[in-house]
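Close look at the chain arrangement
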Amino acid sequence: MAMHRLRVNGIEYDVDVPGGTPLLWALRDELGLTGAKYGCGIGACGACTSLVDDRAVRTCVSTVAEQAGRRVTTVEGLPVDHPVRRAWIAMDVAQCGYCQPGQMMAAVHLLRSNPDPTDAQIDEALRDNVCRCGTYHRIRAAVRLAARLGREAAE
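The model shown is predicted, which means the values in this text are computed figures rather than measured ones.

**Focus on the overall build of the chain**
Looking only at helices and strands, the chain has six helices and five strands in total. The linear arrangement of helices and strands in the chain, starting from the amino end, is β-β-α-β-β-α-β-α-α-α-α. Taken over the C-alpha trace, the chain has a radius of gyration of 15 Å; the compact-globule value for 155 residues is 15 Å, and the two agree within 12%. With respect to the principal axes defined by its C-alpha atoms, the chain has extents near 45 × 35 × 20 Å. When each of the 155 residues of the chain is scored for burial, the buried share is 45%. Restricting the contact set of the chain to residue pairs at least 6 apart, pairs at least 24 apart contribute 55%.

Here is the structure:
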């Protein structure tokens, strides 16, 4: 085993795992942050999406060694009053909820780079995040609401 320092949700952690361990397993098994979900293990479904240095990363295919020392933000690290959290609740997005943390973190990434996306831009940014329940219309509506809430908060 090897010690790796991870900065997750603003807190420094030392995790004793092999460097090739997927970041997802370090988050879930070592740190108890179970928001990011295991969906496919090949980076195709987006259930494990978290932010690393403010970019959306599939943590199932990203290793602890690659992300050591970088800023990792999981869904647990979003403030309770974050526009994306508020919008997801207001729009009652979740059905089964399994994919929603990844959807939310992809939305956060989108809105940081584009605070007023079109529906086409939302669809493109979240196209690789799979929702088996098919709540895509509610996800898109929540992203639009989060964008508006974020713009209002900035005014």
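After that view, the rundown keeps rolling.
**Overview of the pairing of strand S4 (residues 55-58)**
Summarising the sheet, strand S3 (residues 49-52) and S4 pair through four bridges and their orientation is antiparallel. The residue of S4 that forms the bridge with Ser-50 is Val-57. Turn length for the S3-S4 hairpin, with the two strands adjacent in sequence and antiparallel, is two residues, and the turn residue Asp-53 shows positive phi of about 50°.

**Examining helix H4 (residues 100-113)**
The terminal C-alpha atoms of H4, which comprises 14 residues, lie 20 Å apart, in line with the 20 Å expected from a rise of 1.5 Å per residue. Summarising burial for H4: 11 of the 14 residues are buried, a large majority. Turning to H4, its buried residues number three or more, namely Gln-100, Pro-101, Gly-102, Gln-103, Met-104, Met-105, Ala-106, Ala-107, Val-108, Leu-110 and Leu-111. At its buried positions, H4 is contacted by S3, strand S5 (71-73), helix H3 (83-90), helix H5 (119-125) and helix H6 (136-154).

**Quick word on the pattern of salt bridges**
Here the structure, examined in full by the defined rule, presents 11 salt bridges. Between Glu-12 and Arg-7 there is a salt bridge whose closest N-O contact spans 3.3 Å. Between Arg-151 and Asp-116 there is a salt bridge, and its shortest N-O distance comes to 3.1 Å. Here Arg-151 is found in helix H6, whereas its partner Asp-116 is found in the loop between H4 and H5, with 35 residues between them in sequence. Residue Arg-151 is classed as partly exposed on the basis of its relative accessible area of 30%. Ionic contacts of the salt-bridge type, sharing partners, join the residues Arg-5, Arg-7, Glu-12 and Asp-14 into one network.

**What about the pairing of S3?**
On any regular strand, side chains alternate: one points to one face of the sheet, the next to the other face. Covered by surrounding structure in S3 are Thr-49 and Leu-51 together with Ser-50 and Val-52, the residues of both alternating faces. By the bridge criterion, two bridges tie S3 to S5 in an arrangement that is antiparallel. Directly across from Leu-51, in S5, lies its bridge partner Thr-73.

**Section: the sheet that holds strand S1 (residues 3-8)**
Spatially, the five strands line up as an open sheet ordered S2-S1-S5-S3-S4, and their pairing is mixed. Since the sheet does not close on itself, it has two edges, and those belong to strand S2 (11-16) and S4, each with one partner. For this sheet, the mean angle separating the axes of adjacent strands, direction not counted, is 40°. Set on the sheet, helix H1 (residues 23-30) makes contact with S1, S2, S3 and S5; between it and S1 the angle comes to about 80°. Where H4 meets the sheet, its contacts fall on S3, S4 and S5, and the angle it forms with S3 comes to roughly 35°.

Here is what the cut-offs are and how they apply
Residues numbered from 1 in each chain as written. Predicted model: local features only at pLDDT ≥ 70, side-chain atom pairs only at ≥ 80, totals over all residues. Heavy atoms only, no water. Helix = DSSP H or I, 4+ residues; strand = E, 2+ residues; numbered from the N terminus. Rg over C-alpha atoms; globule rule 2.2 N^0.38 Å. Buried < 20%, exposed > 50% of the residue type's maximum accessible area, 1.4 Å probe, protein only. Contact = heavy atoms within 4.5 Å. Pairing = 2+ DSSP bridges. Expected span 1.5 Å × (residues − 1). Salt bridge = Lys/Arg side-chain N within 4 Å of Asp/Glu carboxyl O. Axes fitted to C-alpha atoms, helices over the stretch in contact; angles between N-to-C directions.

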